[in-house]
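A closer look at the structure
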Amino acid sequence: MRHRFWETQPVGQFKDAGDISLSEGPIEPPAPLSAVKPEPYNLPALYEWTTCDMDDEQTCAEVYSLLTNNYVEDDENMFRFNYSKEFLRWALRPPGYFKSWHIGVRVKASKKLVAFITGVPARIRVRNEVVRMAEVNFLCVHKKLRSKRLAPVMIKEVTRRVHLENIWQAAYTAGVVLPTPFTTCRYWHRSLNPKKLIDVGFSRLGARMTMSRTIRLYKLPGSTATPGLRKMELRDVPAVTRLLREYLSQYVVVPDLDENDVEHWLLPLENVVESYVVESPETHEVTDFFSFYSLPSSILNNQNHSVLKAAYSYYNVAKKTPLLQLMNDALIVAKQKDYDVFNALDAMHNETFLKELKFGPGDGQLHYYLYNYRVRNALRPSELGLVLL
Ligand SMILES: CCCCCCCCCCCCCC(=O)CSCCNC(=O)CCNC(=O)[C@H](O)C(C)(C)COP(=O)(O)OP(=O)(O)OC[C@H]1O[C@@H](n2cnc3c(N)ncnc32)[C@H](O)[C@@H]1OP(=O)(O)O
Ligand SMILES: CCOC(=O)c1cnc2ccc(OC)cc2c1SCCC#N
């Protein structure tokens, strides 16, 4: 398959697969800032660049609306991600973020927002190297403007703006195969509301299974089991940071998170991110935590339901509590908060609880990529410690 754009980019190329002479690390060296194109790339005549100020209510609403109607759908067009405005503000304004990396394209005449792409700064460790990167996400071209080669222009423009901040690497995921994934994860789904998942056509009644039997199969206790489990608070940030950094040290590609990052990414935000810690009733030390983020989806073409409430496993550290028990408590909390499904990737140690907690494998794969950084040998999902939103 030809990749006319990606073959021009500093990414692992399919033709180089298996070439053991190529070493791990940057593919191209940094350039002097004077060498970075100072003006934006050319757009087709009818369109103009715009920087999207997510603090501005109207702009945030325009971004929300573009994504709600034009962002990622599953292969059967059953669902479309429906990131909320609060979620987008959270995802796009971490410590040290650049407004200039929140890039939109408008129709000059109408000012309608028709395309979007974002970057946020992150420190990513690849084996023993901590690299400043951009995490690129929310690439979206309006359905009416597809297959016009707009995406490569969006990608080159965000690359240019990232280069202007003297950052030369990026991390991103996609459901499509591009040159070249450094690992590929599978989504797993744990039904919390099996009747709704069957009503929308995602799940089917198993053979020799009635609806009531199916509901019983996925039933969860009304309350959690772990003593000392409570919502995470600001005062827990130092302990959670220590726990998370120690836990992530075993993986090959992970975020290098300090207390500022943990405060942003893990402090609970209603309907955005939920984090719970285990505070030992005896010693009052924080020994474990779990977290999940809230990413609803529009249910397309269904009479009875319009929104799927989905929780996505984020970062979990089980040090004193068995991971199985900790994650079962996460399911119980998600069910208490009326989520329909709890999703998790087979990354980190997740595969040790997925089957036991009645997750089923999805048919969607998530490919992970680095830009301008070669990873010598592709990783197993269990070597990956990075969750992108
Ligand atoms: C140092 C800093 C570096 C920063 C930048 C790092 C890199 C960041 C990279 C971005 C990471 C984003 C991560 C992210 O947001 C998470 S993945 C979600 C991407 N968004 C969606 O799927 C939303 C619905 N789809 C669309 O809006 C359009 O289909 C898009 C815009 C996806 C493509 O628009 P289109 O109208 O359908 O297509 P053309 O304009 O005609 O362009 C065709 C070219 O685009 C390549 N393509 C297609 N999908 C892609 C994808 N998901 N990543 C990268 N490339 C993708 C494709 O291979 C082809 O190139 P090739 O001919 O070489 O094969
Ligand atoms: C019920 C299980 O499926 C999903 O939760 C879901 C929801 N919305 C989507 C929107 C776009 C989409 O495009 C790939 C997939 C979904 C999926 S499955 C993959 C995500 C997970 N877990």
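In case you missed it, the structure is sitting above this.
Residues numbered from 1 in each chain as written. Chains lettered and ligands numbered in written order. Predicted model: local features only at pLDDT ≥ 70, side-chain atom pairs only at ≥ 80, totals over all residues. Heavy atoms only, no water.

1. Examining the overall build of the protein
Along its length, the protein carries 8 helices and 17 strands. Scaling as 2.2 N^0.38, a compact globule of 389 residues should have a C-alpha radius of gyration of about 21 Å, and the protein matches this with 21 Å. Once the C-alpha set of the protein is aligned to its principal axes, its extents read approximately 60 × 50 × 45 Å. By the burial criterion, 55% of the 389 residues in the protein qualify as buried. In the protein, of all internal contacts separated by at least 6 residues, the share reaching a separation of at least 24 is 75%. When the accessible surface of the protein is summed, it comes to about 18,200 Å², and 52% of that surface belongs to carbon and sulfur atoms. Counting 49 positive and 44 negative side-chain charges, the protein places the centres of these two groups 6 Å from one another. (Helix = DSSP H or I, 4+ residues; strand = E, 2+ residues; numbered from the N terminus. Rg over C-alpha atoms; globule rule 2.2 N^0.38 Å. Buried < 20%, exposed > 50% of the residue type's maximum accessible area, 1.4 Å probe, protein only. Contact = heavy atoms within 4.5 Å. Areas by Shrake-Rupley, 256 points an atom, 1.4 Å probe, with all protein chains shown as cover. Lys, Arg positive; Asp, Glu negative; His and termini not counted. Charge placed at Lys NZ, Arg CZ, Asp CG, Glu CD.)

2. Digging into the layout of surface pockets
Where empty space is left becomes clear once a probe the size of a water molecule has been rolled over the atoms. Of the volumes computed, that of the second largest pocket is approximately 400 Å³. Together, 20 residues line the second largest pocket, and Ala17, Thr180, Arg374, Val375 and Arg376 are the ones closest to its centre. Residues of the lining of the second largest pocket, tallied by class, amount to 11 nonpolar, 5 polar and 4 charged. Structurally, the lining of the second largest pocket is a two-domain feature, drawing no fewer than three residues from each of domain 1 (6–172) and domain 2 (184–383). (1 Å grid on protein atoms, 1.4 Å probe; cavity = no way out; pocket = protein on both sides within 12 Å on 5 of 7 lines; lining within 4 Å. Points joined across faces, edges and corners; volume = space filled by probe spheres on them. Nonpolar A, V, L, I, M, F, W, Y, C, P; charged D, E, K, R; others polar. Domains from an automatic or database assignment.)

3. What to know about the site of ligand 1
Taken together, 33 residues are adjacent to ligand 1, and His3, Trp6, Leu139, Ser147 and Ala151 come closest. One of the backbone nitrogen or oxygen atoms of Val141 is found 2.9 Å away from an oxygen atom of ligand 1. In this structure, an oxygen atom belonging to ligand 1 sits 2.8 Å away from a side-chain N or O atom of Arg149. When isolated, ligand 1 has an accessible area of 1,200 Å², and the protein chains bury 88% of it. Looking at the shell around ligand 1, the elements that each hand over two or more residues are β5 (129–141), α3 (150–163) and β6 (169–174). Looking at the shell around ligand 1, the element that brings in the most residues is α3, giving 8 residues. Per-class residue counts for the shell around ligand 1 are 21 nonpolar, 8 polar and 4 charged. (Near = heavy atom within 4 Å. Polar contact = N/O pair within 3.5 Å; in protein donor to acceptor, adjacent residues only side chain to side chain.)

4. Quick look at the packing of helix α1 (residues 57–70) against helix α2 (residues 85–92)
Close contact between α1 and α2 brings their axes to 10 Å; oriented N to C, the two are set at 105 degrees. What the angle tells us is that α1 and α2 run roughly perpendicular. When α1 is examined against α2, the residues Glu57, Cys60, Ala61, Val63, Tyr64 and Leu67 are found in contact with a partner set consisting of Lys85, Leu88 and Arg89. Its residues placed into classes, the contact of α1 with α2 shows 6 nonpolar, no polar and 3 charged. (Axes fitted to C-alpha atoms, helices over the stretch in contact; angles between N-to-C directions. Parallel < 35°, antiparallel > 145°, perpendicular 65-115°, else oblique.)

5. Focus: the site of ligand 2
Around ligand 2 sit 13 residues in total, of which Glu73, Tyr187, His189, Ser297 and Asn343 are the nearest. At 3.2 Å, a backbone N or O of Glu73 approaches an oxygen atom of ligand 2. If ligand 2 stood free it would expose 490 Å²; the protein chains cover 91% of that surface. Elements represented by at least two residues in the shell around ligand 2 include exactly β2 (79–81), β7 (183–191) and β16 (341–345).

6. So, the sheet that holds β2
Strand order in the open sheet formed by 3 strands is β2-β12-β13, and the pairing between neighbours is antiparallel. Taken across any chain shown, the strands that pair with only one partner, and hence form the sheet edges, are β2 and β13 (307–308). Both strand β12 (residues 297–299) and β13 contribute to a ladder of 2 bridges, which runs antiparallel. Note on β13: the bridge partner recorded for Ser297 is Leu308. (Pairing = 2+ DSSP bridges.)

7. Points about empty space enclosed by the protein
Overall, the coordinates contain 2 cavities of 30 Å³ or more when judged by the stated rule. The space that makes up the largest cavity amounts to roughly 280 Å³. Taken together, 25 residues make up the lining of the largest cavity; nearest its centre are Val120, Ala122, Glu135, Trp265 and Leu388. At 5 residues, the largest contribution of residues to the lining of the largest cavity is made by strand β4 (residues 113–126).

8. Quick look at α3
If you check α3, its first and last C-alpha atoms are 20 Å apart, about what 14 residues at 1.5 Å a residue would give, namely 20 Å. The buried fraction of α3 is high, at 12 of 14 residues. Within α3, the full set of buried residues consists of Leu150, Pro152, Val153, Met154, Ile155, Glu157, Val158, Thr159, Arg160, Arg161, Val162 and His163. On its buried side, α3 packs onto β1 (47–51), β3 (102–107), β4, β5 and β17 (360–371). (Expected span 1.5 Å × (residues − 1).)

9. Quick look at the side chain of His367
The topology assignment puts His367 in strand β17. The class of His367 is buried, set by a relative accessible area of 6%. At 2.8 Å, the side chain of His367 and the side chain of Thr184 are in polar contact.

10. Brief notes about the packing of aromatic side chains
Two descriptors summarise a pair of aromatic rings, namely the distance from one centre to the other and the angle between the planes of the rings. For the structure shown, the criterion picks out 27 aromatic pairs. Arranged with centres 6.1 Å apart and planes meeting at 65 degrees, the rings of Trp90 and Tyr314 form a pair that is edge-to-face. Of the two residues, Trp90 is situated in helix α2 and Tyr314 in the loop between β14 (310–313) and β15 (317–318); the sequence distance between them amounts to 224 residues. Ring centres of Phe98 and Trp101 lie 4.5 Å apart, and the angle between their planes is 35 degrees; on these two criteria the pair is classed as tilted. For Trp101, a relative accessible area of 0% corresponds to the buried category. In this structure, Lys309 packs its charged tip against the face of Tyr339, placed 4.4 Å from the ring centre. (Phe/Tyr/Trp six-rings, centres within 6.5 Å; stacked < 30°, edge-to-face > 60°. Lys NZ or Arg CZ within 6 Å of the ring centre and 35° of its normal.)

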